[in-house]
Amino acid sequence: MSDVRYTKEHEWVRLDGDLATVGISDYAQEQLGELVFVELPEIGRQVSQGGSLAVVESVKAASDVYAPVGGEVVETNADLENDPGLVNRSAEDEGWFCKLRIADRGELTQLMDAAAYKAYVAGLS
């Protein structure tokens, strides 16, 4: 499995070549509760690091999902349109949101690795 990086806003990104798969962390989906709707970005949309990428709605609240890295949206996870709960069941695998063609690999250095993210989350409780 390739290296996964995390943001302080609880998004994750997994790089495969020049494509970055993006989703929210297991911690994030636990905090949100049961997801009832996911608004995915349009294919072809350019996003910048930290920019709004998607919206998730749960039984508790609606939240923005931010881009961990900048790039062009090249694919979205259509399964989420009919089954937003997939994020709750498999946040860091099958519940991914979109794939970006990454603009600047250097942005990855600003993100946390799994160990740093685990420590960050532990400090939140």
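Before reading on, note that the structure itself is shown above.
### Digging into a nonpolar patch on the surface
A contiguous nonpolar surface patch, about 260 Å² in accessible area, is contributed by V36, F37 and V59. The topology assignment puts V36 in strand β4 (residues 35-39).

### Things to note about the sheet that holds strand β1 (residues 4-6)
Strand order across the open sheet formed by 6 strands is β1-β2-β3-β9-β8-β5, with antiparallel pairing between neighbours. Single-partner strands in this sheet number two, and they are β1 and β5 (46-47). Pairing of β1 with strand β2 (residues 11-16), which is carried by 3 bridges, proceeds in the antiparallel orientation. Bridge pairing in β2 places V4 opposite R14.

### As for the pairing of strand β7 (residues 62-66)
Within a regular beta strand, the side chains point alternately toward one face of the sheet and then the other, so they alternate between its two faces. By the bridge criterion, 5 bridges tie strand β6 (residues 52-58) to β7 in an arrangement that is antiparallel. Paired with V56 across the strands is S63, a residue of β7. Counted between consecutive antiparallel strands, the loop separating β6 from β7 contains 3 residues.

### Structural notes on the sheet that holds β4
Pairing is antiparallel in the open sheet, where 3 strands are placed in the order β4-β6-β7. Looking along the sheet, the strands with just one partner apiece sit at the ends: β4 and β7. Within the sheet, the average angular offset between the axes of one strand and its neighbour, ignoring direction, is 25 degrees.

Reading the values: rules and limits
- Residues numbered from 1 in each chain as written.
- Predicted model: local features only at pLDDT ≥ 70, side-chain atom pairs only at ≥ 80, totals over all residues.
- Heavy atoms only, no water.
- Patch = residues over 30% accessible without salt bridge, like charges linked within 9 Å, V, L, I, M, F, W, Y side chains within 5 Å.
- Areas by Shrake-Rupley, 256 points an atom, 1.4 Å probe, with all protein chains shown as cover.
- Salt bridge = Lys/Arg side-chain N within 4 Å of Asp/Glu carboxyl O.
- Helix = DSSP H or I, 4+ residues; strand = E, 2+ residues; numbered from the N terminus.
- Pairing = 2+ DSSP bridges.
- Axes fitted to C-alpha atoms, helices over the stretch in contact; angles between N-to-C directions.

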